[in-house]
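# Examining the three-dimensional arrangement
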Amino acid sequence: QAAKRGRQIVDAKCARCHAIGRTGTSPLALAPPFRVLSQKYPLRNLEEALAEGIVTGHSDMPVFRFTPAEIDAILTYLSSISTP
């Protein structure tokens, strides 16, 4: 259920720019597909950023803040689609 809820959250908040599934390209070229995030760093490293608002080096990324339950769901979903 957590992964399903995570999918719903990223679909609503992130899919405009990021590829959120196991395949496909991101609608915004600068936005990495979520399935490869675990190749860059441990997904749990996103926990604080998701709680406090992710700040990036470009203005296209809106600031989102998530609750602990939403963060757990998002990270569960990201883990489920991550490619090795």
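All residue numbers refer to position in the chain's written sequence, counted from 1. Totals for whole chains, interfaces and linings use all residues, but because this is a predicted model, local features are given only for residues with pLDDT of at least 70 and pairs of side-chain atoms are given and counted only at 80 or more. Side-chain descriptors were evaluated using all non-hydrogen atoms of the structure, hydrogens and water having been removed beforehand.

We now examine the pattern of salt bridges. Note on definitions: salt bridges are taken to be side-chain nitrogens of Lys or Arg within 4 Å of carboxyl oxygens of Asp or Glu. Throughout the structure, instances matching the rule amount to two salt bridges. Note that glutamate 47 is salt-bridged to arginine 44, the shortest N-O span being 3.5 Å. Between buried and exposed lies partly exposed: a residue is buried under 20% and exposed over 50% of the maximum accessible area for its type, with that area taken using a 1.4 Å probe on protein chains only. When its relative accessible area of 45% is taken as the criterion, arginine 44 is described as partly exposed. Residues aspartate 72 and arginine 44 are paired through a salt bridge, measuring 3.6 Å at the closest nitrogen-oxygen approach. Of the two residues, aspartate 72 is situated in helix α4 (residues 68–81) and arginine 44 in the loop between α2 (37–40) and α3 (46–52); the sequence distance between them amounts to 28 residues. What makes aspartate 72 partly exposed here is its relative accessible area of 36%. Each of the salt bridges in this network shares a partner with another, and the network as a whole consists of Arg44, Glu47 and Asp72. Only DSSP runs of H or I covering at least 4 residues are called helices, and only runs of E covering at least 2 are called strands; the numbering of each starts at the N terminus.

Its 14 residues place the ends of α4 20 Å apart at the C-alpha level, agreeing with the 20 Å of an ideal helix rising 1.5 Å per residue. Here α4 has its buried residues at Ile71, Ala73, Ile74, Leu75, Tyr77, Leu78 and Ile81. Expected helix span is taken as 1.5 Å per residue step, with the number of steps being one fewer than the number of residues.

A separate point is the packing of helix α1 (residues 2–13) against α4. At a closest axis distance of 7 Å, the pairing of α1 and α4 adopts a crossing angle of 95°. The orientation of α1 with respect to α4, classified from their angle, is roughly perpendicular. Of the residues in α4, those touching α1 at Ala2, Ala3, Arg5, Gly6, Arg7, Ile9 and Val10 are Glu70, Ala73, Ile74, Thr76, Tyr77 and Ser80. Side-chain classes follow a simple rule in which Ala, Val, Leu, Ile, Met, Phe, Trp, Tyr, Cys and Pro form the nonpolar group, Asp, Glu, Lys and Arg form the charged group, and the remainder, Gly included, forms the polar group. When its residues are assigned to classes, the contact of α1 with α4 shows seven nonpolar, three polar and three charged. Note on method: axes are straight lines fitted to C-alpha atoms, helices fitted across the in-contact stretch only, with angles between N-to-C directions ranging 0 to 180 degrees. For classification purposes, an angle smaller than 35 degrees is called roughly parallel, one larger than 145 roughly antiparallel, one from 65 to 115 roughly perpendicular, and anything else oblique. The contact rule is simple, with two residues in contact once any of their heavy atoms fall within 4.5 Å.

To continue, consider the packing of aromatic side chains. Pairing of aromatic side chains here covers Phe, Tyr and the six-membered ring of Trp, requires ring centres within 6.5 Å, and sorts the geometry by plane angle: under 30 degrees stacked, over 60 edge-to-face, intermediate tilted. Inspection of every chain in the model, using the stated rule, returns one aromatic pair. When the centroid spacing of 6.1 Å and the interplanar angle of 35° are considered together, the rings of phenylalanine 64 and phenylalanine 66 count as tilted. The partly exposed category is assigned to phenylalanine 64, whose relative accessible area is 22%. Given a relative accessible area of 10%, phenylalanine 66 falls into the buried group.

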